[in-house]
Amino acid sequence: MFRPVLASRVLRRNAARHLVAGTRRVSSVSEQATEDTAEAPVTSAAETEDKVLDATVPEGKPKIVAEVERAGGDKYIEWERTKITLAHLRTMKRYRTPISMLTAYDYPTGLACDASRVEIVLVGDSLAQVCLGYDSTTRITLDEMIHHCKAVARGCKTPFLVVDMPFGTYHGTPEETFHNAVRLVREGGAEAVKLEGGPEIAHHVEHLTLAGIPVFAHLGLMPQRAVQLGGYLPQARRFHSAKRLVEHALVMEQAGAVAVVLEAVPPEVAEAATSRLKHAFTIGIGAGRGTDGQVLVWDDMLGNSRGRKPRFVRQFAHLRKHVDDGIAAYVNAVRRRTYPAYQTSNMYSMDSDQSRQLFAEWMERTRRGLATENATTEGENEPSSDLESQTGMKARG
Ligand SMILES: Nc1nc(=O)c2c([nH]1)NC[C@@H]1CN(c3ccc(C(=O)N[C@@H](CCC(=O)O)C(=O)O)cc3)CN21
Ligand SMILES: CC(C)C(=O)C(=O)O
């Protein structure tokens, strides 16, 4: 419960620096006017106009420390950046504070998510296409997913960590599914697993849930079924398929799913599913603003991917341009010998003036091809090459 106390400048500054935040929806999604576009300009993370309405004495977990009103009238809750748990996520749903989820694929992307205010990190099987160059997510193996999940988990301690169960690893018996999920949790370090599908996999969701592994369900466009769907096509656009999507979401919740990812469905359908679910929160991708949270692929969101992007993608940065420009500048500097610069601070020096002197003299003596000379005044018994030191062989010459 919110218990208002004094809203101070100090708190406001702290809130900006240390706390997680999301936007509290105040109007229904369909009432909101502006539309996101794929070509929208880079969006700044800094929202400096926020006003703290009231700070709250934290009660239990999560520690809500402030209720903030944004310039436009929206509200969101703020709390200390501590380990995100399902309790945090359910609280965010309750306070209508949007949940941010982002994919990560390795240690550095995991670290970056950890240092951010992202609540959920997904080791998505999109890594098959994004990181490994496969043409489909159906190519990736359980071992490959575990390999990447481990790396993400090493860097990402604070957000809630979810991993995709790859194609074919949750279609045998529920016991086999559990065995595979356990590997993702035990070896990979995941806290929850995500499965694409509806009622046909509900018994797997139930089995995992009863065994203590939280499950995210994934409905709408299911990339592992792209061949069957005839491509990466939007779903639930007709009356019957829209109705079915809402029903499937409810079935997944009944089976124990803690969350439902809704991909490439009309906003009103995603909003309907969100409103009907009592416990599970929804995370949308190409599903409008009516879901409890949003997810995007790392490389899409940061402008690091090449080729055509799904229409729901917004680039919040342009990494690829930075990468391309950086590589071009490096090659240019090498060609022009401006890298490395002639500076003692970025080079290794000879260990003494004497060594430098002896070396210069030796170079002078052997200048005209007199390399046969073997009379050195110092270090005569030292190996003269790495090869020699390792093998005891005498270098020829
Ligand atoms: N980089 C990346 N981003 C993703 O969001 C993503 C992946 N990879 N790989 C796994 C799945 C595949 N996803 C996709 C892929 C393509 C479209 C897409 O291009 N959709 C078209 C409509 C379909 C068509 O015309 O073929 C669109 O206009 O959005 C959508 C989702 C989402 N996932
Ligand atoms: C796009 C998200 C939802 C996903 O499933 C993935 O990254 O594989």
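Parameters and conventions
Residues numbered from 1 in each chain as written. Chains lettered and ligands numbered in written order. Predicted model: local features only at pLDDT ≥ 70, side-chain atom pairs only at ≥ 80, totals over all residues. Heavy atoms only, no water. pLDDT = per-residue confidence, 0-100. Contact = heavy atoms within 4.5 Å. Helix = DSSP H or I, 4+ residues; strand = E, 2+ residues; numbered from the N terminus. Polar contact = N/O pair within 3.5 Å; in protein donor to acceptor, adjacent residues only side chain to side chain. Axes fitted to C-alpha atoms, helices over the stretch in contact; angles between N-to-C directions. Parallel < 35°, antiparallel > 145°, perpendicular 65-115°, else oblique. Left-handed = near helix turned anticlockwise from the far one by under 90°. Nonpolar A, V, L, I, M, F, W, Y, C, P; charged D, E, K, R; others polar. Near = heavy atom within 4 Å. Areas by Shrake-Rupley, 256 points an atom, 1.4 Å probe, with all protein chains shown as cover. Phe/Tyr/Trp six-rings, centres within 6.5 Å; stacked < 30°, edge-to-face > 60°. Buried < 20%, exposed > 50% of the residue type's maximum accessible area, 1.4 Å probe, protein only. Pairing = 2+ DSSP bridges. Core = buried A, V, L, I, M, F, W, Y, C linked by side-chain atoms within 4.5 Å.

**Regarding the confidence of the model for the protein chain**
Scored by pLDDT, the protein chain has a mean of 83; 77% of the residues are at 70 or more. Segment residues 1–48 is flagged for pLDDT under 50; beyond a separation of four residues in sequence, or across chains, it makes 106 contacts in the model. Every residue in residues 54–60 scores below 50 in pLDDT, and together they form 26 contacts with partners more than four places removed in sequence or on other chains.

**Side note on the side chain of H218**
By secondary structure assignment, the location of H218 is in strand β10 (residues 215–220). There is a polar contact of 2.7 Å between the side chain of H218 and the side chain of K194. Engagement of the side chain of H218 in a polar contact is seen with the side chain of E263, the distance being 3.0 Å. Leave out the neighbours within four places in its chain, and H218 touches K194, L195, E196, G197, P223, V261 and E263.

**A look at the packing of helix α7 (residues 202–210) against helix α9 (residues 239–255)**
Helix packing geometry: the angle between the two helix axes and the distance between the axes. Between α7 and α9, the least distance of the axes is 8 Å, while the angle of their chain directions is 30 degrees. Regarding the angle of α7 to α9, the classification is roughly parallel. Between α7 and α9 the crossing geometry is right-handed. Contacts between α7 and α9 involve A202, V205, E206 and T209 from the former and V251, M252 and A255 from the latter. Class assignment of the residues belonging to the contact of α7 with α9 gives a composition of five nonpolar, one polar and one charged.

**Observations regarding the site of ligand 2**
What surrounds ligand 2 is the set T103, L122, G124, D125, S126, D164, K194, H218, I285, V295 and V297. In the environment of ligand 2, an oxygen atom lies 2.9 Å from a nitrogen or oxygen atom belonging to the side chain of D125. Take D164: an N or O atom from its side chain is 3.1 Å from an oxygen atom of ligand 2. Protein contacts shield 95% of the accessible area of ligand 2, which totals 250 Å² for the unbound molecule. Of the residues belonging to the shell around ligand 2, the class tally is four nonpolar, four polar and three charged.

**Some thoughts on the packing of aromatic side chains**
Taken as a whole and judged by the stated rule, the model has four aromatic pairs. Plain terms: the ring middles of F216 and F281 are 5.8 Å apart, the flat faces sit at 85 degrees to each other, and that makes the pair edge-to-face. Of this pair, F216 sits in strand β10 while F281 is found in strand β12 (residues 281–285), placing the two residues 65 residues apart along the sequence. Overall, the relative accessible area of 0% leaves F216 in the buried class. A relative accessible area of 1% places F281 in the buried class. An aromatic cluster is defined as three or more aromatic residues linked by ring pairs; in this entry it consists of F160, F216 and F281.

**A closer look at unusual backbone geometry**
The peptide bond linking Y339 to P340 adopts the cis configuration, its omega dihedral lying at -5 degrees. On the secondary structure map, P340 appears in the loop between α12 (319–335) and α13 (353–365). Located in the positive-phi region is R96, a residue other than glycine, with phi close to 50 degrees. For R96, the location among the structural elements is in the loop between α2 (86–94) and β6 (99–103). For R96, a relative accessible area of 46% gives the class partly exposed. In this structure, A264 takes a positive phi of about 50 degrees despite not being glycine. Turning to its location among the elements, A264 is positioned in the loop between β11 (259–263) and α10 (267–276). Under the relative-accessibility criterion, A264 is labelled buried at 11%.

**Focus on the environment of E253**
Summarising the element assignment, E253 is placed in helix α9. Considering only alpha carbons, one finds E253 and F281, 28 residues apart in sequence, at a separation of 9.3 Å. Those residues in contact with E253 that sit more than four places away from it in its chain are L277, K278, H279 and A280. Of note is the side chain of E253, whose polar atom sits 2.6 Å from the backbone nitrogen of H279. Polar side-chain contacts of E253 include one of 2.9 Å to the backbone nitrogen of A280.

**Quick word on the sheet that holds β6**
A barrel is described by the order of its strands in space; here eight strands give the closed sequence β6-β7-β8-β9-β10-β11-β12-β13, paired in parallel fashion. Neighbour to neighbour, the strand axes of the sheet diverge by 25 degrees on average, direction disregarded. Bridging between strand β7 (residues 120–123) and strand β8 (residues 160–164) involves four bridges; their strand directions are parallel. Across the sheet, the residue bridging to L122 is V162, located in β8. Each of β9 (192–196) and β10 is contacted by α7, which is oriented at about 175 degrees to β9, the strand it contacts most.

**So, the nonpolar core**
Counting residues in each nonpolar core, the largest one holds 80 residues, and the members touching the most others are I120, V193 and F216. Every residue in contact with I120, bar those within four places of it in the chain, is listed here: L89, I99, S100, M101, L102, P159, F160, V162, F216, F281 and I283.

**Observations concerning the site of ligand 1**
Of all residues adjacent to ligand 1, which total 16 residues, the nearest are Q129, Y232, E263, D300 and R311. Measuring from a nitrogen atom of ligand 1, one finds a side-chain N or O atom of D300 at 2.6 Å. Here an oxygen atom of ligand 1 sits 2.8 Å away from a polar atom, N or O, in the main chain of R311. The protein chains hide 76% of the 660 Å² of surface that ligand 1 would expose on its own.

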